[in-house]
Protein chains: 2
Amino acid sequence: MRATIMHGSRDVRVEEVADATILKPTDAVIRLAAACVCGSDLWPYRGADAITEPVPMGHEYAGIVEAVGSEVRSVRPGQFVVGSFMASDNTCEICRSGYQSGCVHREFVSGSQAELMRVPLADGTLVATPEVPDAKYVPSLLAASDVLGTGWFGALAAQAGPGKTVAVVGDGAVGLLGVLAARLLGAERIIAMSRHESRQNLAREFGATDVVVERGDEGVERIKELTNGLGAHSVIEAVGTQESMMQAVRSSRRGGHVGYVGVSHDVNLPGQEMFYSHVHLHGGPAPVRGYLPELLDLILSDKIDPGQVFDLAVPLAQAGEAYRAMDERRAIKALLQM
Amino acid sequence: MRATIMHGSRDVRVEEVADATILKPTDAVIRLAAACVCGSDLWPYRGADAITEPVPMGHEYAGIVEAVGSEVRSVRPGQFVVGSFMASDNTCEICRSGYQSGCVHREFVSGSQAELMRVPLADGTLVATPEVPDAKYVPSLLAASDVLGTGWFGALAAQAGPGKTVAVVGDGAVGLLGVLAARLLGAERIIAMSRHESRQNLAREFGATDVVVERGDEGVERIKELTNGLGAHSVIEAVGTQESMMQAVRSSRRGGHVGYVGVSHDVNLPGQEMFYSHVHLHGGPAPVRGYLPELLDLILSDKIDPGQVFDLAVPLAQAGEAYRAMDERRAIKALLQM
């Protein structure tokens, strides 16, 4: 099969490798309907995460079950499934509390930018659609696997809801889908922070009522101006840098909620400022598995179209171009066609 | 009047100064029934906060209203009142959301280790008792002013409640009253982290079901052992150092809640560890004003006796000894008698 392998910073190759196979009786192997590149894949691509050996890339996936291990009960070959980037048993106490991404048996899933992939803990991880969906839904179902579920968690962690003003830091796919999630959760006002016209437009389409182009302290000032000097009730942080985290914390009102879902890199939160800010801080890897049934239903009933975040589609063989386009911010999110 | 003034690190003097007076029409002046030293007063005492000019000390108070400004409507001379260390208007949007300590007109109150003190924003800040209470209640009412209200906020921020296991980091008055709060909120199991026998005993009296004497990573391991390897649902942090904050975060299960009320000093929270910990983090200066009506009622109906945290009482003139005793951990909390 063909698979996307990262050999080092800015060195992504599509290569012929051995087919993914069942390794454990709880595994499934799925044939990808399509694949995609995640904003978090850019951390190693840009050298922010070290690559010490060739890494099979990709952790977002949707496709047809090809084979299952002997202990798998909830999915069978031929079914269309979507799963989360974090495999989980979905039965432990942490899973049952709603934190599948913190499952006591959790495993990072990888290797989805390929024709076939192995999914551990298939029973707990995969959700099958009622029938094999029309191909038009594939981008949105793929988005559900991570960026939609992550934006959803960000909005929930930020306690977005009726009567709330929600600010969103980050205009990548997760931030944009955080806007969508905030709208679905009933937020009154949604302020997207973005300086890119195409992303601003998609943010408005997803439900943003205001756009702020300033960043850092200037961005914070604009949020304060829009909120009677108080700051937003809810802030979704979808970048993961020191600047974006502090922008999020400072954009929040006292007693407000910051939901942070950008993968933290070199972030240090100053204790004293956090203390006096009175914010609620919650985030981390999103428990996407828990949201999948609801998200798949919203997609397949045409209530949401999160697949709009894909503004570039290239054949799998051109994965390198997909990475380049996202790195250079020419694309919000790139789809890899099989 | 006599007042306690800090002139520098470990230099606390009781001096004759001009009587506290009404400076603004929204002020009240109260005659203290008693005063006390707070754990947070030890930060400047120990040199962790710089003293650049003589500082009138004390921010916990209960006593009789002596005079009120022309705009004060809710209290009158002769009433017994309790207030919070943070003066608030109790009418702004932030106050109404339950964050009086983040009031848009907030002012730190100071100068309560004295015979008389000025309280700003008296209408929003002070709560009168139905009648002048018996002297036996004074220690508990004084505790309500800060350490009880702060422990209460810590327990609420940590989402202590039925079915929850609550760990408490810090065995000062705030931590001990966090134990009491967790019990009142219905927590199933309360683990006090303390290595001092007198504090362990009071923790048990306040409702602790377990005591852990280890600190740091060893303390975290003990909490994990007591919680099926998962960590506590709720952790109250009542110290404010890097070690105590990380002990609190690491003692929490994924998806758990850390309520931090120790005044942060030189704390830096590592973003990546926070991200992958999945904890909810909330804290800051406690909105004590919001809790005072309920806390005063619990005290005056003999349901709680938070005044037990006072294990030393000295005349105001001996405030220096009160500071020394707390600094050397000979006393949990020291009362200053008028």
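What counts and what doesn't
Counting restarts for each chain, with residues numbered from 1 along the sequence as it is written. Chains carry letters and ligands carry numbers; both start at the beginning, A for chains and 1 for ligands, and go up in the order they are written. With the structure being a predicted model, the display of local features is reserved for residues of pLDDT at least 70 and the display and counting of side-chain atom pairs for 80 or more, all residues being used for whole-chain, interface and lining totals. To get the side-chain values, all heavy atoms of the structure are used, and hydrogens and water are removed first. Secondary structure elements are taken from DSSP: a helix is a run of H or I of four residues or more, a strand is a run of E of two residues or more, and numbering for both begins at the N terminus. Radius of gyration: C-alpha atoms only; globule rule: 2.2 Å multiplied by the number of residues to the exponent 0.38. Type-normalised accessible area, obtained with a 1.4 Å probe on protein chains alone, sets the label of each residue: buried when under 20%, exposed when over 50%, and partly exposed for intermediate values. In this description, contact between two residues means that some pair of their heavy atoms is separated by no more than 4.5 Å. Reported accessibility uses the Shrake-Rupley method at a 1.4 Å probe radius. Residues are deemed covered only where the shown protein chains occlude them. The convention is simple: Lys and Arg are positive, Asp and Glu are negative, and His and the chain ends are not counted. Where a charge lies is defined by one atom per residue type: Lys uses NZ, Arg uses CZ, Asp uses CG and Glu uses CD. Buried surface area refers to the total accessible area, computed with a probe of radius 1.4 Å, that the two partners give up upon joining, counted for both partners together. The term salt bridge refers to a pairing of a side-chain nitrogen on Lys or Arg with a carboxyl oxygen on Asp or Glu at a separation within 4 Å. N or O atoms within 3.5 Å of each other form a polar contact, as long as, within protein, one can give a hydrogen and the other can take it, and as long as residues adjacent in sequence are counted only when both atoms are side-chain atoms. Pairing between two strands is assigned when DSSP locates at least 2 bridges connecting them. When the copies are superposed, the least-squares fit takes in the C-alpha atoms of residues with a pLDDT of at least 70 in both. Directions drawn from the helix axis to the C-beta atoms are what define this arc. Bear in mind that the domain bounds are from an automatic or database domain assignment. Note on geometry: axes are C-alpha line fits, over the in-contact stretch for helices, and angles between N-to-C directions span 0 to 180 degrees. Each angle gets one of four labels, with under 35 degrees taken as roughly parallel, over 145 as roughly antiparallel, 65 to 115 as roughly perpendicular, and the rest as oblique. In a left-handed crossing the near helix is turned counterclockwise from the far helix by less than a right angle, and in a right-handed crossing that turn is clockwise. Put simply, Ala, Val, Leu, Ile, Met, Phe, Trp, Tyr, Cys and Pro go in the nonpolar bin, Asp, Glu, Lys and Arg in the charged bin, and everything else, Gly too, in the polar bin.

(A) Molecular detail of the overall build of chain A. Check the secondary structure of chain A and you find 12 helices and 19 strands. Compactness check: chain A gives a C-alpha radius of gyration of 19 Å against a globular reference of 20 Å for 338 residues, within 12% of the reference. Dimensions of chain A, computed from C-alpha atoms along their principal axes, come out at roughly 60 × 40 × 40 Å. By residue count, 60% of the 338 residues in chain A fall in the buried class. Of all intrachain contacts in chain A linking residues separated by at least 6 positions in sequence, the fraction that spans at least 24 positions is 68%. Only carbon and sulfur atoms are counted for the fraction: they give 47% of the accessible area of chain A, which is about 12400 Å². Between the centroid of the 30 positive side chains of chain A and the centroid of its 41 negative side chains there is a distance of 3 Å.

(B) Here's a closer look at the interface of chain A and chain B. Contacts between the two partners involve 36 residues from chain A and, on the opposite side, 36 residues from chain B. For the pair chain A and chain B, the summed buried area comes to about 3200 Å², and 60% of that belongs to carbon and sulfur atoms. Broken down residue by residue, the surface that chain A buries against chain B is led by R254(A), F275(A) and H278(A), which jointly contribute 22%. Taken together, chain A and chain B are joined by two salt bridges. Of the charged contacts, one joins R253(B) and E93(A) as a salt bridge, the two residues approaching to 2.8 Å between their closest N and O atoms.

(C) Quick peek at the side chain of E237(A). Residue and element names in this part refer to chain A. Examined against the element boundaries, E237 turns out to sit in strand β14 (residues 232–237). With no salt bridge to any partner, buried E237 finds its closest opposite charge in R215, at an N-O distance of 11 Å. In this structure the side chain of E237 is engaged in a polar contact, spanning 2.6 Å, whose partner is the backbone nitrogen of G240. Every residue in contact with E237, bar those within four places of it in the chain, is listed here: V169, S244, M245, A248, G259, Y260, V261 and G262.

(D) View of the environment of L300(B). Relative to the assigned elements, L300(B) resides in helix α10 (residues 288–300). Residues within four places of L300(B) in sequence aside, it is in contact with T129(B), P130(B), P133(B), Y137(B) and L141(B).

(E) Up close: the sheet that holds strand β2 (residues 11–16) of chain A. All names here are of chain A. Strand order across the open sheet formed by three strands is β2-β1-β4, with antiparallel pairing between neighbours. The outermost strands of the open sheet, each flanked by one partner alone, are β2 and β4 (55–56). As paired elements, strand β1 (residues 2–8) and β4 share two bridges and run antiparallel to each other. What sits directly across from I5, in β4, is P56.

(F) Representation of the sheet that holds strand β2 (residues 11–16) of chain B within the structure. Residue and element names in this part refer to chain B. In spatial order, the strands read β2-β1-β4; together these three strands make up an open sheet with antiparallel pairing. Where the open sheet ends on each side, the last strands, each with one partner, are β2 and β4 (55–56). Relative to β2, strand β1 (residues 2–8) is paired through six bridges, and the arrangement is antiparallel. Directly across from G8, in β2, lies its bridge partner D11.

(G) The relation of the copies chain A and chain B, seen in detail. The two copies are related by a screw motion: chain A maps onto chain B through a turn of 180 degrees and a shift of 0.0 Å along the axis, at an RMSD of 0.0 Å. Such values leave the two copies arranged in the relation of a two-fold axis. Mapped onto chain B, 100% of the interface residues of chain A again fall at the interface, so both copies present the same surface.

(H) Region of the structure containing helix α7 (residues 216–226) of chain B. Residue and element names in this part refer to chain B. Of the residues making up α7, those classed as buried are G216, G219, V220, I223 and L226. Viewed along the axis of α7, the buried residues span an arc of 125 degrees, placing them on a single side of the element. Relative to its buried face, α7 has exposed residues pointing more than 90 degrees away, namely D217, E218 and E225. In the core, the buried residues of α7 are packed alongside β11 (165–169), β12 (189–193), β13 (210–212), β14 (232–237) and α8 (242–251). Backbone geometry just after α7 places N228 at a positive phi near 60 degrees.

(I) Seen up close, the domain arrangement of chain A. Residue and element names in this part refer to chain A. Per the domain assignment, the segments of chain A are domain 1 (2–146 + 287–337) and domain 2 (148–283). On a C-alpha basis, the centres of domain 1 and domain 2 stand 26 Å from each other. On the side of domain 2, 24 residues touch domain 1, which itself brings 25 residues to the contact. Interface area for domain 1 against domain 2, summed over the two sides, is near 2000 Å², with a carbon-plus-sulfur share of 66%. The largest per-residue losses of area from domain 1 upon contact with domain 2 belong to W43, R329 and I332, which jointly make up 31% of the total buried on that side. Applying the counting criterion to the domain 1 and domain 2 interface returns one salt bridge.

(J) Fine view of unusual backbone geometry. Residues and elements named next belong to chain A. For N228, which is not glycine, the phi torsion reads 60 degrees and is therefore positive. If you trace the backbone, N228 turns up in the loop between α8 (216–226) and β14. Positive phi outside glycine occurs at R329, with the angle close to 60 degrees. Tracing the chain through its elements places R329 in the loop between α12 (319–327) and β19 (333–337). Since its relative accessible area comes to 35%, R329 is described here as partly exposed.

(K) Structural view of the packing of helix α5 (residues 173–184) of chain B against helix α6 (residues 197–206) of chain B. Residues and elements named next belong to chain B. At a closest axis distance of 8 Å, the pairing of α5 and α6 adopts a crossing angle of 15 degrees. Between α5 and α6, the angle is such that the two are roughly parallel. Of the two elements, α5 crosses α6, and the hand of that crossing is right-handed. Mapping the contact onto sequence places L176, L177, V179, L180 and R183 in α5 and R199, L202, A203 and F206 in α6. For the contact of α5 with α6, a count of residues per class yields seven nonpolar, no polar and two charged.

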